[in-house]
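Chain and residue survey
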Amino acid sequence: MRKRTVFRLAATTAAVGAATLAYASLIERNLYTLRRYDVPVLPTDAEPLRVLHISDLHMTPDQARKQRWVASLAALDPDLVVVTGDNMAHPDAVPGVLRALQPLLDYPGVFVFGSNDYTGPVWKNPFTYFLPEREYVEGAELPYEELREVFTGAGWIDLNNTRTTLKAGGRLIDLVGVDDPHVERDDYEAVAGPVSVSAELSIALTHSPEPRVLDQMAADGFGLLLAGHTHGGQVCVPGVGALVTNCGLPRSMARGLHRWPGSDSWLHVSAGLGTHPTAPVRFACPPEASILTLIAR
């Protein structure tokens, strides 16, 4: 009797595990979701401004469904498009990224890169994400300069360790960005300084939401901080949330909109639209893009 009970329990556990894996790999990772947030960062009585935030496409050539869904976001008619990196996951990904983003290139846009824009994915044990000091292993070089030319050729602004101003939605925006802190390509000191007093809005970009970078951006007065990288935890526990963020960000801030501690700045972390190709699963954390409606404080 005891042996049969053990066997039944083991069989039930295996069946539940298999069903969960099938759902996470076949269903949820394809449940593309649009998130909507109101962010009070504009001056009093200012008209709303709509920012479309896209991150972590991790595109491979055959992901036609993802490409169509992202392309459909042009119907939102955003005032500004922001892309916070990790666009590619394959050496031949640029055409797929272009099919996804082509309709959005007609709108004002800015971008920074992530580590997976520079080098491709390599197999890794998912449990190593729980090791904060693990070694970073690079894959094959990706065509990031080709992707950069596509973006800048369409008029989008490259904000990798750069600062500029831009008019979008009739407003002057002070913008700053860094290259990916996850692989220590960031150089915020080169572009640091208080936000422009003539700007009506200020936005800062980074792929990986490392607190050391976000603290500096917030200290300079940037009202909206945008990042990706975390995948929202990618595999979450209902009622608990993300188990890891793959950076120094607290797990409670792995995705969504948060007030950055000790400042007047707001942080939005996108859970992203893709997965690492060697771990193509999502659970309790569907892929997403976000439309941020910026409103008066």
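Presented here is an overview of the structure given in this document. These figures come from a predicted structure and were not determined experimentally.

1. Focus on the sheet that holds strand β8 (residues 201–205)
The six strands lie next to each other as β6-β7-β8-β9-β13-β12, forming an open sheet whose pairing is mixed. For this open sheet the edge positions go to β6 (162–168) and β12 (256–259), each flanked by a neighbour on one side alone. Mean inter-strand twist for the sheet, computed between neighbouring axes without regard to direction, equals 25°. In terms of strand pairing, β6 meets strand β7 (residues 171–177) through seven bridges, oriented antiparallel. The residue of β7 that forms the bridge with K167 is L172. Its contacts with the sheet put helix α6 (residues 211–219) on β8, β9 (224–227) and β13 (266–269), and the angle it makes with β9 is roughly 155°.

2. Quick word on the sheet that holds strand β4 (residues 109–111)
The six strands lie next to each other as β1-β14-β2-β3-β4-β5, forming an open sheet whose pairing is mixed. Since the sheet does not close on itself, it has two edges, and those belong to β1 (33–42) and β5 (157–158), each with one partner. One ladder, built from four bridges, connects strand β2 (residues 49–54) with strand β3 (residues 80–83); its direction is parallel. Paired with H53 across the strands is V82, a residue of β3.

About the cut-offs
- Residues numbered from 1 in each chain as written.
- Predicted model: local features only at pLDDT ≥ 70, side-chain atom pairs only at ≥ 80, totals over all residues.
- Heavy atoms only, no water.
- Pairing = 2+ DSSP bridges.
- Helix = DSSP H or I, 4+ residues; strand = E, 2+ residues; numbered from the N terminus.
- Axes fitted to C-alpha atoms, helices over the stretch in contact; angles between N-to-C directions.
- Contact = heavy atoms within 4.5 Å.

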